[in-house]
Amino acid sequence: MTRSLAILMFDEVEVLDACGPFEVFSVANRVTTRAGGEPAFEVVLVGVDDGPVRARGGMRIAVDTTIADERHYDVVLVPGGVVDEVSANAAALSWIEKHSTTTELAASVCTGAFLLAHAGVLDSRPVTTHWEDIEDLRRQWPELDVREDVRYLDHGDIATSAGISAGLDLALHLVARLVSAEVATLTARQMQYDWSDGQQT
């Protein structure tokens, strides 16, 4: 089964928050197709608009489609970065909220958790974000159970990770969960990434 997986893209997105998971899912596809199977994921970069995104640090990244596209996705991943502008974008928040109710899983990396919170997606279950932003997340949403010193948290329909490289751990965990532990292990090996799945609660 090939799952459609959307990564939300916006100006000032953290490069590794978006491109790290993209690479994990891309390599997982190589692993599954080498074994004679179908690609595990169809990864779609979804922009707030149709122009190229200028990521944090200046990298320009083209998108495949926009939030105006009505297609369904099985998984939605919201990366972090400087999220002030996109968190004030009602259409982007509506897109996150809408898809969180129809996808198998909505996930965030780093300060992407702020976008999930702004969209009203988070609930009483524990969440996490980049260590530098833990207190800000607690201050803005005191009702949230914000955890520190964890790499990622997965509650089935909602998953959040800490900053930047922790998004790789979460993405590999999702490969293990949605495809198989063997494919995740082979993906990490192909990437020469030291990883072992350690779900945290």
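Description of the structure in this document. Worth saying up front: this structure is predicted, and the values here are computed from it rather than measured. Per chain, residues are indexed from 1 in the order of the written sequence. With pLDDT at 70 or above as the cut-off, local features in this predicted model cover only qualifying residues; side-chain atom pairs require 80 or more to be listed or tallied, and sums for whole chains, interfaces and linings still use all residues. Values reported for side chains reflect all heavy atoms of the structure, with hydrogen atoms and water molecules removed beforehand.

The subject of this paragraph is the overall build of the protein. Labels follow the DSSP assignment, with helices taken as runs of H or I lasting at least four residues and strands as runs of E lasting at least two, numbered in each case from the N terminus. Assigned secondary structure in the protein consists of seven helices and nine strands. Relative to the compact-globule value of 17 Å for 201 residues, the protein shows a C-alpha radius of gyration of 16 Å, a close match. Dimensions of the protein along its principal axes, counting C-alpha atoms only, are 45 × 35 × 35 Å. Accessibility here uses a 1.4 Å probe with only protein chains present; expressed as a share of the type maximum, an area under 20% marks a residue as buried, one over 50% as exposed, and anything in between as partly exposed. Sorting the 201 residues of the protein into buried and exposed places 54% on the buried side. Note on definitions: a residue-residue contact is assigned when non-hydrogen atoms from the two residues lie within 4.5 Å. At a minimum sequence separation of 6, the contacts of the protein that also span at least 24 residues come to 65%. Accessible surface for the protein amounts to roughly 9,000 Å². Of this, 47% is attributable to carbon and sulfur atoms. Taking the average place of the 15 positive charges on the side chains of the protein and the average place of its 32 negative ones, the gap between the two points comes to 4 Å. Both definitions apply: the radius of gyration is a C-alpha atom measure, and the globule rule equals 2.2 Å times residues to the power 0.38. With residues, only the protein chains shown are counted as cover, and all accessible areas are computed by Shrake-Rupley using a 1.4 Å probe. Residues counted as positive are Lys and Arg, residues counted as negative are Asp and Glu, and His and the chain ends are not counted. One atom stands in for each charge, and that atom is NZ of Lys, CZ of Arg, CG of Asp or CD of Glu.

Of the two faces of strand β9 (residues 158-161), the one holding Ile158 and Thr160 and the one holding Ala159 and Ser161 are both buried throughout. DSSP calls a pair of strands paired once it identifies at least 2 bridges connecting them. Judged from the three bridges that link them, strand β8 (residues 152-154) and β9 form a sheet pairing that is antiparallel. Paired with Asp154 across the bridge in β9 is Ala159. Where β8 folds back onto β9 in an antiparallel hairpin, the turn is made up of three residues, including Gly156, whose phi is positive at roughly 95°.

This part takes up the environment of Val121. As for its placement among the helices and strands, Val121 is situated in the loop between α4 (112-118) and α5 (134-140). When the C-alpha positions of Val121 and Ser100 are compared, they lie 6.9 Å apart, and in sequence the two are 21 residues distant.

Now for the pattern of salt bridges. One side-chain nitrogen of Lys or Arg within 4 Å of one carboxyl oxygen of Asp or Glu is enough to make a salt bridge. In this structure the tally under the stated criterion is 13 salt bridges. The residue Lys98 makes a salt bridge to Glu70 at a minimum N-O spacing of 2.8 Å. In this pair, Lys98 sits in helix α3 (residues 90-100) while Glu70 sits in the loop between β5 (65-66) and β6 (75-78), placing the two residues 28 residues apart along the sequence. Judged by its relative accessible area of 37%, Lys98 is partly exposed. A relative accessible area of 62% means that Glu70 is categorised as exposed. Taking the shortest distance from any N to any O, the salt bridge between Asp123 and Arg125 comes out at 2.9 Å. By relative accessible area, which is 34% here, Asp123 ends up partly exposed. Salt bridges here are not isolated pairs; linked through shared partners, they connect Asp123, Arg125 and Asp157.

This part is about unusual backbone geometry. One non-glycine residue, Glu12, lies in the positive phi region at around 70°. Mapped onto the elements of the fold, Glu12 is located in the loop between β1 (3-9) and α1 (15-34). The exposure class of Glu12 is partly exposed, given its relative accessible area of 32%. Residues other than glycine seldom take positive phi values, yet Gln192 does so here, at roughly 50°. Here Gln192 shows up in the segment after α7 (181-190).

Okay, a negative patch on the surface next. Where like charges cluster on the molecular surface, the negative patch consists of Asp11, Glu12, Asp49, Asp50, Asp84 and Glu85. Mapped onto the fold, Glu85 is located in helix α2 (residues 84-87). Patch building starts from residues that exceed 30% relative accessible area and form no salt bridge, then joins like charges within 9 Å and nonpolar side chains (Val, Leu, Ile, Met, Phe, Trp, Tyr) within 5 Å.

Right, let's get into the sheet that holds β1. Read across the sheet, seven strands follow the order β5-β2-β1-β6-β7-β9-β8 without closing on themselves; strand pairing throughout is mixed. Among the strands making up the open sheet, the edge pair consists of β5 and β8.

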